[in-house]
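# Chains, contacts and geometry: an overview
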Amino acid sequence: MPLGVIPAGTGNGMAKSLLDAVGQSCTASNATLAIIRGHKQSLDVATVSQGQNRFFSVLMLAWGLIADIDIESEKYRWMGSARIDYYAIQRIFRLRRYNGCIKFVAAPGYETFGEPIDVEGETIDDVKSNFVQHKGYCGPTFHMKDFNRKIEGPFVSIWLHNVPWGGEDALAAPDAKFSDGYLDLVVIKDCPKLTLLSLMTELNKGGHVRSPYVLYFKVKAFVLEPGSRLDDPSKEGIIDVDGEVLARGKGTYKSDQKTLMTYNKLHIRVDQGLATVFSPTIP
């Protein structure tokens, strides 16, 4: 069943990605016309797994700076979309870094990113899940022995993207494709505050990925092992998937509220072209 996307939120990253791909502006009228015309295209779907819990994502996963800005700026929702820029400045000048580790299956041509994983020294925790009777599709199977690279923290930001735009003004992953079977990973381990502020101003045209402080590459599968804040080990972070809080750690914004998953290891794997969306065509 094709899905139609109309921009009616704060970020509208998916609608922006679909419309920008053919040079159209991100408006509700253009999105509605695309649905009426009925042109379709495939879209990759990422499955986020933790134990028996599954969450299907089509836009992005964020941990660190981007997640903190996206979720914690909710307290300024009365400001409209300006809340993102306003809170981003606050977070950059009071920058947090998080302990943790990421492991991944690098896409062809990106095998030099990170460090090799010693498979013999790693804990094998495969996640088995395919078609389950009466429950539909529950995501792909994970084989940890396939994971060949890792990057150790601390991190400023981890941003995993399925489509180019994270919001109407954020070209987060300029090389991302709708159905290439890969996710684009943007990693910032450390960065001077003024340089980071400059990078944020480059987001609207994707220039941030050319910075020496940014690692940008494609992965087929990904494991996030989130940790505590470097400056205060008693506090942890937020994991944001498609603009929703998937997990909250200790001492975070609204940390008393229940989330679908715990602030612990997550597995992410992509299914190529699993979904179908209505897509605009070039006039």
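Residues numbered from 1 in each chain as written. Predicted model: local features only at pLDDT ≥ 70, side-chain atom pairs only at ≥ 80, totals over all residues. Heavy atoms only, no water.

## What about the pairing of strand β4 (residues 98–106)?
Selection criterion: Remark: exposure states derive from per-residue accessible area (1.4 Å probe, protein chains only) relative to the maximum for the residue type, with buried under 20%, exposed over 50%, and partly exposed in between. Starting at the N terminus, helices and strands are each numbered in turn, a helix being any DSSP run of H or I of at least four residues and a strand any DSSP run of E of at least two. A strand pair is defined by DSSP finding two or more bridges across the two strands.
Among the 9 residues of β4, 8 are classified as buried, and the element is accordingly described as predominantly covered. Alignment of β4 against strand β11 (residues 214–229), held across 8 bridges, turns out to be antiparallel. Directly across from Ile 102, in β11, lies its bridge partner Leu 224. Where β4 and strand β8 (residues 149–152) come together, 4 bridges link them in antiparallel fashion. Opposite Phe 104, over in β8, you have Arg 149 as the bridge partner.

## Details of helix α1 (residues 13–20)
Condition: Here, residues are in contact when the closest pair of their heavy atoms is within 4.5 Å.
Taking burial as the measure, the 8 residues of α1 include 7 buried ones, the bulk of the element. Listed as buried for α1 are Gly 13, Met 14, Ala 15, Lys 16, Ser 17, Leu 18 and Leu 19. The inward-facing, buried residues of α1 contact α2 (28–37), β1 (40–50) and β14 (266–278).

## Topic: unusual backbone geometry
With an omega dihedral of 10°, the bond running from Gly 153 to Pro 154 counts as a cis peptide bond. Notably, Asn 12 is not glycine yet its phi reads approximately 60°, a positive angle. Under the relative-accessibility criterion, Asn 12 is labelled buried at 16%.

## Section: the pattern of salt bridges
What counts here: Criterion for a salt bridge: a side-chain nitrogen of Lys or Arg within 4 Å of a carboxyl oxygen of Asp or Glu.
Under the criterion given, the structure shown has 12 salt bridges. As a salt-bridge pair, Lys 150 and Glu 152 come within 3.6 Å of each other at their nearest N and O atoms. According to the relative accessible area criterion, Glu 152 is partly exposed, its value standing at 38%. Lys 218 is the partner of Asp 184 in a salt bridge, and the nearest nitrogen-oxygen pair spans 2.7 Å. Taken together, the residues Asp 184 in strand β10 (residues 183–188) and Lys 218 in strand β11 connect sequence positions 34 residues apart. Neither residue differs from the other here; Asp 184 and Lys 218 are each classed as buried.

## Re the UniProt feature "domain: DAGKc" (unreviewed entry) in the protein chain
Selection rule: UniProt positions are given in the numbering used here, feature names are shortened, and annotations may be inferred rather than shown by experiment.
Under the UniProt annotation, "domain: DAGKc" (unreviewed entry) lies at residues 1–52. Between the C-alpha atoms that bound residues 1–52 there is a distance of 26 Å. The span itself is 35% helix and 21% strand.

## Examining helix α4 (residues 82–93)
Defined as follows: Every helix has an expected span of 1.5 Å times one less than the residues it contains. Note that the arc is computed from the directions linking the helix axis to the C-beta atoms.
Over its 12 residues, α4 extends 18 Å from the first C-alpha to the last, a length consistent with the 16 Å expected when each residue adds 1.5 Å. Considered for burial, the residues of α4 that qualify are Arg 83, Tyr 87, Ala 88, Arg 91 and Ile 92. Burial along α4 is one-sided: seen end-on, the buried residues are contained in an arc of 150°.

## Observations regarding the packing of α4 against helix α5 (residues 193–201)
Note the following rule: To obtain an axis, a line is fitted to C-alpha atoms, over the contacting stretch when the element is a helix, and the angle between two such axes runs from 0 to 180 degrees between their N-to-C directions. Any angle that is under 35 degrees is reported as roughly parallel, and any over 145 degrees as roughly antiparallel; angles of 65 to 115 degrees are reported as roughly perpendicular and all others as oblique. Left-handed describes a crossing whose near helix is turned anticlockwise from the far helix through less than a right angle; right-handed describes the clockwise counterpart. Only Asp, Glu, Lys and Arg are considered charged, only Ala, Val, Leu, Ile, Met, Phe, Trp, Tyr, Cys and Pro nonpolar, and every remaining residue, Gly among them, polar.
Contact geometry of α4 with α5 gives a least axis separation of 9 Å together with a crossing angle of 155°. In terms of axis orientation, α4 runs roughly antiparallel to α5. In this structure, α4 crosses over α5, and the sense of that crossing is right-handed. Touching Ala 88, Ile 89, Ile 92 and Phe 93 of α4 are Lys 193, Leu 194, Leu 196, Leu 197 and Met 200, all from α5. Looking at the contact of α4 with α5 residue by residue, the class counts come to 8 nonpolar, no polar and 1 charged.

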